[in-house]
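Analysis of the macromolecular model
Here is how the chains run, residue by residue.
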Amino acid sequence: MSVEISISKLVQGLEPSATLAMSAKAKEIKSSGKTVYDLSVGEPDFITPQHICDAGTAAMKAGYTKYTIASGIPELKKAIAEKYKADYGLDYNTNQIVISNGAKHSIHNVFFTTIDPNDEVIIPAPYWVSYAEIVKLSGGIPVIVQTKESDNFKMSPAQLEQAITPKTKMLLLCSPSNPTGVMYSRLELEQIADVVIKKNIFVLADEIYDKLIYGDNKFVSFPTIRDGLQERTIVVNGVSKTYAMTGWRVGWTFSPVNVAKKMGELQSQETSNPCSISQYAALAAITGSQDCVTEMLNAFKQRRDYVAKRIAEIDGLSCPEMGGAFYAFFNIKKHLGKKIGNSTINNSEQFCLELLTQKQVATVMGSSFGCEGYVRASFAASIDVLKNAYDRIADFVS
Ligand SMILES: Cc1ncc(COP(=O)(O)O)c(C=O)c1O
């Protein structure tokens, strides 16, 4: 008799991360000996700066290898609070901060602590792959607001107002955005904030790309927009993108005290503290010289300009201005319905799969970000890799 452990209803409907799935496929092709240009994952290609790695090593040597307070070490909370004060003028006490195993885990904590069954969370699309799935796992209902390329993929205050129902608990805002790189201006954020206040809802502001900003764009932290927003907003941030520390797994939230207290308790039951060594490394990242951030930003800027130029030159492709983060989200609609070999490319998934198998360039289909007809390609890769990848993309679409 064969037996099978049944899968819980809770996770049966869970969509696996498309980004990680594409990156796994790229690795599979790579292992067969082919050169693959991987633009699928959202992580800096730089290694973690040396002084941060050294702080991790020093933490181990000093014996900081044991459990810490579940919600994170006080020194790191203090440093994070001081940095948001210095950078954006926001006042947070350490009891408003919870340090977690990456910003993704922070987002999990937020939804599991604040969302009741059938509470609605408004998510503008295109959106980062994990938001809607985590909302669903927490029992909430993601309400997707579709934005348009012609509006630079930004949700208007009217669209927000229309999406709000008596069940709406929260709005999720990610600026600069993964996957589009688009940023809301201060004025646009003010208009959104006015709807938030008028309709009495809450906001989860994902500010993980706050230090990766290009050109004349200025990052504005959402709670600074209007008086009283700090009580309505939970901010998420972390070290993954700014300091090339994706593998260290350190993220955090700023929230009202009652939410922080409960998130800390939730974390104490689910995961305990984030890695002690990583917390000390993050402390060095935040309190040490920020020259490494400037250096990486300069490299990203150069790559963004290069990618924008290449996309504009390729027949039929277009993308909005990438104000921040490190992604291009380009329109492939002109190429849908075309044939390559025996297959017809009808959607973004087929486009990405054929691009990977025929030309060994890994990207992610727009459909997994809630926006069909587009493809996301990270530019967190060297100019040389980007040149080869875009040569192949140009070849593929022609
Ligand atoms: C918008 C956004 N938020 C959160 C995260 C999660 O980052 P972390 O590595 O800290 O979990 C990512 C990572 O891709 C992201 O793009």
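Heads up: these notes are all about the structure in this document. Computed from a predicted model, the values in this text were never measured in an experiment.

**Observations concerning the sheet that holds strand β9 (residues 327–331)**
Pairing between sheet strands relies on hydrogen bonds along the backbone, with the strands arranged either parallel or antiparallel. Taken together, three strands build an open sheet; the order of strands is β9-β14-β13 and the sheet is antiparallel. Because the sheet does not close on itself, it has two edges, and the strands there are β9 and β13 (364–365). Sheet topology places β9 next to strand β14 (residues 374–378); five bridges connect them, and they run antiparallel. By the bridge assignment, alanine 328 is partnered in β14 with alanine 377.

**What about the sheet that holds strand β2 (residues 97–100)?**
Reading across from one edge, β2-β8-β7-β6-β5-β3-β4 is the order of the seven strands in this open sheet, with mixed pairing throughout. Looking along the sheet, the strands with just one partner apiece sit at the ends: β2 and β4 (141–146). Direction aside, neighbouring strands of the sheet carry axes that sit 20° apart on average. Relative to strand β6 (residues 202–206), strand β5 (residues 168–174) runs parallel, the two sharing five bridges. Note that in β6 the partner of methionine 170 across the bridge is phenylalanine 202.

**Digging into the packing of helix α3 (residues 50–61) against helix α10 (residues 276–287)**
At a minimum axis separation of 8 Å, α3 and α10 run at an interaxial angle of 140°. When the axes of α3 and α10 are compared, the pair comes out oblique. Between α3 and α10 the crossing geometry is right-handed. Contact with α3, carried on its side by His51, Ile52, Ala55, Gly56, Ala59 and Met60, involves Ser276, Ile277, Tyr280, Ala281, Leu283, Ala284 and Ala285 of α10 and no other residues of that element.

**Considerations on helix α8 (residues 186–198)**
An α-helix turns once per 3.6 residues; consequently, residues spaced three or four apart project the same way. Taking 1.5 Å of rise per residue, the 13 residues of α8 would be expected to cover 18 Å, and the 18 Å separating its terminal C-alpha atoms lies within 8% of that figure. Of the residues making up α8, those classed as buried are Leu189, Ile192, Ala193, Val195 and Val196. One side of α8 holds all its buried residues, which, seen down the axis, span an arc of 160°. Residues Leu187 and Lys198 are exposed on α8 and point more than 90 degrees away from its buried face. Where the residues of α8 are buried, they touch α7 (157–163), β5 and β6. Looking one or two residues past α8, asparagine 200 carries a phi angle of roughly 55°, positive in sign.

The rules behind these values
- Residues numbered from 1 in each chain as written.
- Predicted model: local features only at pLDDT ≥ 70, side-chain atom pairs only at ≥ 80, totals over all residues.
- Pairing = 2+ DSSP bridges.
- Helix = DSSP H or I, 4+ residues; strand = E, 2+ residues; numbered from the N terminus.
- Axes fitted to C-alpha atoms, helices over the stretch in contact; angles between N-to-C directions.
- Parallel < 35°, antiparallel > 145°, perpendicular 65-115°, else oblique.
- Left-handed = near helix turned anticlockwise from the far one by under 90°.
- Contact = placed C-beta atoms within 7 Å.
- Expected span 1.5 Å × (residues − 1).
- Buried ≥ 20, exposed ≤ 12 C-beta atoms within 10 Å, placed from the backbone.
- Arc of directions from axis to C-beta.

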